[in-house]
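A structural walkthrough
Listed below, chain by chain, are the residues.
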Amino acid sequence: MNLLLILLSVVLVNNFVLSRFLGICPFLGVSKKVETATGMSLAVTFVMGLASVMTWLVNTFVLIPLDIEYMQTIAFILVIAGLVQFVEMVIKKTSPTLYQALGVYLPLITTNCAVLGVAILNIQSNFNLIETLVNGVGGGLSFTLAIVLFAGVRERLETSPVPKALEGFPVAMIAASLFSIAFLGFQGLIK
């Protein structure tokens with residue numbers, strides 16, 4: 001039951017993009033098409049889940065025993081950078097079209113604050129390894145939910161009559177703010 005609460009909390013109540021405002025750069029940059037947003041969200045979910053486990057292991061078995069917890073951020077960024085390089089090589093080999101569509105945003109997963117944020121939140125919440133994995137994958141799913149829904153809305157806005165002054169990015173920002181307000185309605189669902 002605790003794992004389900006962690007999952008629901010991270011996906012709905014504390015959505016990384018829409019409630020915690022982490023991962024906004026790829027959220028706005030890669031959300032013009034559902035296909036591209038889906039590819040990016042799969043990569044972010046994979047990296048978040050794996051990075052959560054790897055950073056928990058590094059923290060538990062390296063940083064704490066050596067009494068160098070103050071090195072968490074640097075160690076976590078190094079782990080995340082290595083994982084992103086791995087994901088980038090896999091996507092480049094398996095889907096060159098998706099690799100080109102993601103462009104600069106794929107290597108930017110390394111600096112995606114949502115990935116580092118989930119790793120740090122796992123440690124701050126004193127999660128065990130399984131809870132860390134669930135929270136990491138849930139963080140990726142929260143990113144997926146936000147970016148894919150938003151990409152669908154942005155695709156629809158491209159064919160909708162929008163006042164000239166609001167075309168493009170301004171109407172996207174308005175839509176993003178409305179999404180965020182909608183997700184704030186989940187606050188209080190899980191305490």
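Structure shown above.
Residues numbered from 1 in each chain as written. Predicted model: local features only at pLDDT ≥ 70, side-chain atom pairs only at ≥ 80, totals over all residues. Heavy atoms only, no water.

This paragraph deals with the environment of Ile 147. Inspection of the secondary structure assignment puts Ile 147 in helix H7 (residues 129–158). A sequence separation of 112 residues divides Ile 147 from Glu 35, and the C-alpha atoms of the two residues are 11 Å apart. (Helix = DSSP H or I, 4+ residues; strand = E, 2+ residues; numbered from the N terminus.)

This brings us to the nonpolar core. In this structure, Leu 18, Phe 27, Met 40, Phe 76, Ile 109, Val 115 and Phe 150 are the most contacted members of the largest nonpolar core, which totals 45 residues. For this core, the secondary-structure elements that each account for two or more residues are helix H1 (2–13), helix H2 (24–29), helix H3 (34–63), helix H4 (72–94), helix H6 (113–124), H7 and helix H8 (169–184). With nine residues, H3 is the largest single contributor of residues to this core. With near-sequence residues (within four places) excluded, Met 40 lies in contact with Pro 26, Val 30, Leu 102, Tyr 105, Leu 106, Ile 109 and Phe 143. (Core = buried A, V, L, I, M, F, W, Y, C linked by side-chain atoms within 4.5 Å. Buried < 20%, exposed > 50% of the residue type's maximum accessible area, 1.4 Å probe, protein only. Contact = heavy atoms within 4.5 Å.)

So, on to H1. Side chains that are three or four residues apart share a direction in an α-helix, a result of its 3.6 residues per turn. Restricting attention to buried positions, one finds in H1 the residues Ile 6, Ser 9, Val 10, Val 11 and Val 13. The secondary structure elements touched by the buried residues of H1 are H7 and H8.

Of note in the backbone geometry, Phe 21 takes a positive phi value of approximately 60 degrees without being a glycine. Relative to the elements of secondary structure, Phe 21 occurs in the loop between H1 and H2. With phi around 55 degrees, Asp 67 is a residue other than glycine that occupies positive phi space. Summarising the element assignment, Asp 67 is placed in the loop between H3 and H4.

A few words now on a nonpolar patch on the surface. Together, Phe 46, Leu 50, Met 54, Phe 86, Met 89 and Val 90 line one region of the surface with nonpolar side chains, adding up to about 520 Å² of accessible area. At the level of secondary structure, the elements contributing two or more residues to the nonpolar patch comprise H3 and H4. Inspection of the secondary structure puts Met 54 in helix H3. By relative accessible area, Met 54 is classed as partly exposed at 35%. (Patch = residues over 30% accessible without salt bridge, like charges linked within 9 Å, V, L, I, M, F, W, Y side chains within 5 Å. Areas by Shrake-Rupley, 256 points an atom, 1.4 Å probe, with all protein chains shown as cover. Salt bridge = Lys/Arg side-chain N within 4 Å of Asp/Glu carboxyl O.)

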